[in-house]
Amino acid sequence: MALRFDGKVAIVTGAGGGLGKTYALELAKRGCKVVVNDLGGDRHGTSSSTSMADKVVQEIKAAGGQAVANYDSVEYGDKIVKTAIDNFGRIDIVINNAGILRDVSFVKMTELDWDLIFKVHVKGAYAVTKAAWPYMRDQKYGRIVVTSSNAGVHGNFGQVNYAAAKSALIGFANALAQEGAKYNILANTLVPTAGSRLTETVMPQNLVDALKPDYVTPLVTYMVHDSFEDSGKVFEAGAGWYGTLQYYKSKGKVISNATADDLAKNWSTITDMNGAEFIGTITEQSARLVSILEEHESSS
Ligand code: NAD
């Protein structure tokens, strides 16, 4: 195995089952010390147990690896990071993977459905990353992954809460990537698709069986390795396909003193994606707008 993790310590949240379990097993196999975090609850985020994390730790240890269980909910990220520090003395890698679903049409969505989704996905990723960040800054090394979803990118019926939270995580990682750059802390977003207890309620069983979580594992493993260089990017895996996802902006049209009527008249040009440009950073976009303002000034 060329990509080794000897001497590195990783936290994998929600690693008691599904995708997270495969990440924990694979990292441990490659020499990483792993904090196997899992609340051990049901898929709706309303119960807890210690058995899920314990089983994964036993499996890692039986294979000769090093791991420790943590049963805290991700919203208590400081406790999860403390487990890493107390047991292994450092923290290098955070894979924010824990997740729940509270699928329901918007009209029937309760405040609890909204709050629980944000608590686990967004507050959870924040809390674990926030607690690990000072260690990563001090040691000038960190690898952070957040887990988004195609629901966050495209939206999905019955998942207004989940789609909003998963979309929030992309902005979270993109901004962290910029703050982490000078400390060699890389932050990226994963968009996985795999059969698991989360997807078995929305996919037919044959698809759940075919979309093995192990198809996603190699991407995450590479994303948190020393040799990985990208940051502030979105990578996708599922069914053995691996790719990336980027924002492109249409060339659009500059219209001085435009009215709504002008926009209506020019809508097909404004929204034409032929010749669309990739804008990598907010600085590039600001520079683009400043140069348009300068053009206005010089033509007036
Ligand atoms: P899963 O239910 O098998 O795994 C999620 C794990 O998170 C569970 O073991 C659960 O106990 C744990 N968990 C839940 N709440 C927690 C909390 N508060 N603290 C700690 N652990 C908690 O589901 P999965 O499909 O493996 O999902 C993993 C991640 O991938 C989730 O964030 C999910 O939203 C995301 N995702 C999955 C898919 C997919 O196709 N499976 C698609 C897009 C995104």
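Keep in mind it's a predicted model, so treat the numbers as computed, not measured. (Residues numbered from 1 in each chain as written. Predicted model: local features only at pLDDT ≥ 70, side-chain atom pairs only at ≥ 80, totals over all residues. Heavy atoms only, no water.)

*Asks:* Give a description of the site of the ligand that names residues and reports values.
*Replies:* Around the ligand there are 31 residues in total, and Leu19, Asp38, Asn97, Tyr162 and Ser196 lie nearest to it. Within the contact set of the ligand, a nitrogen atom lies 3.0 Å away from a backbone nitrogen or oxygen of Val74. Between the ligand and Ala98, the relevant distance is 3.5 Å, taken from an oxygen atom to a main-chain nitrogen or oxygen of the residue. Those elements that place two or more of their residues in the shell around the ligand are α1 (18–29), α4 (111–139) and α6 (160–180). Within the shell around the ligand, the residues separate by chemical class into 11 nonpolar, 16 polar and four charged. (Near = heavy atom within 4 Å. Polar contact = N/O pair within 3.5 Å; in protein donor to acceptor, adjacent residues only side chain to side chain. Helix = DSSP H or I, 4+ residues; strand = E, 2+ residues; numbered from the N terminus. Nonpolar A, V, L, I, M, F, W, Y, C, P; charged D, E, K, R; others polar.)

*Asks:* Please set out the layout of surface pockets residue by residue, giving values where relevant.
*Replies:* Quantified by volume, the largest pocket comes out at close to 930 Å³. Forming the walls of the largest pocket are 48 residues, and the residues nearest its centre are Gly99, Ile100, Tyr162, Ser196 and Leu198. At the level of secondary structure, the elements contributing two or more residues to the lining of the largest pocket comprise α1, α4, α5 (150–154) and α6. No other element matches the four residues that α4 contributes to the lining of the largest pocket. Residue classes in the lining of the largest pocket are distributed as 16 nonpolar, 25 polar and seven charged. Volume-wise, the second largest pocket comes out at about 580 Å³. For the second largest pocket, the lining is made up of 21 residues, of which Asn174, Gly232, Tyr247, Ile279 and Gly280 are closest to its centre. Within the residue set of the lining of the second largest pocket, elements represented by two or more residues are α5, α6 and β8 (241–245). Here the element with the most residues in the lining of the second largest pocket is α6; it accounts for five residues. Of the residues belonging to the lining of the second largest pocket, the class tally is nine nonpolar, 10 polar and two charged. (1 Å grid on protein atoms, 1.4 Å probe; cavity = no way out; pocket = protein on both sides within 12 Å on 5 of 7 lines; lining within 4 Å. Points joined across faces, edges and corners; volume = space filled by probe spheres on them.)

*Asks:* Provide a residue-level description of the packing of aromatic side chains, including the pertinent values.
*Replies:* For the coordinates displayed, the defined rule picks out four aromatic pairs. Ring centres of Tyr222 and Phe228 lie 4.9 Å apart, and the angle between their planes is 90 degrees; on these two criteria the pair is classed as edge-to-face. When the ring of Tyr248 is compared with that of Phe278, the centres are 5.5 Å apart and the planes differ by 45 degrees; the resulting orientation is tilted. Residue Tyr248 is located in strand β9 (residues 248–249), and its partner Phe278 is located in strand β10 (residues 277–278); the two are separated by 30 residues in the primary sequence. On the basis of relative accessible area, Tyr248 is assigned to the partly exposed category, the value being 44%. Here Phe278 falls in the partly exposed class, since its relative accessible area comes to 38%. Taken together, Tyr222, Phe228 and Phe235 form an aromatic cluster joined through their ring pairs. The ring of Tyr141 has Lys8 sitting right over it, with the charged end atom 4.7 Å from the ring centre. When the ring centre of Tyr76 is taken as reference, the NZ or CZ atom of Lys79 above it lies at 5.0 Å. (Phe/Tyr/Trp six-rings, centres within 6.5 Å; stacked < 30°, edge-to-face > 60°. Buried < 20%, exposed > 50% of the residue type's maximum accessible area, 1.4 Å probe, protein only. Lys NZ or Arg CZ within 6 Å of the ring centre and 35° of its normal.)

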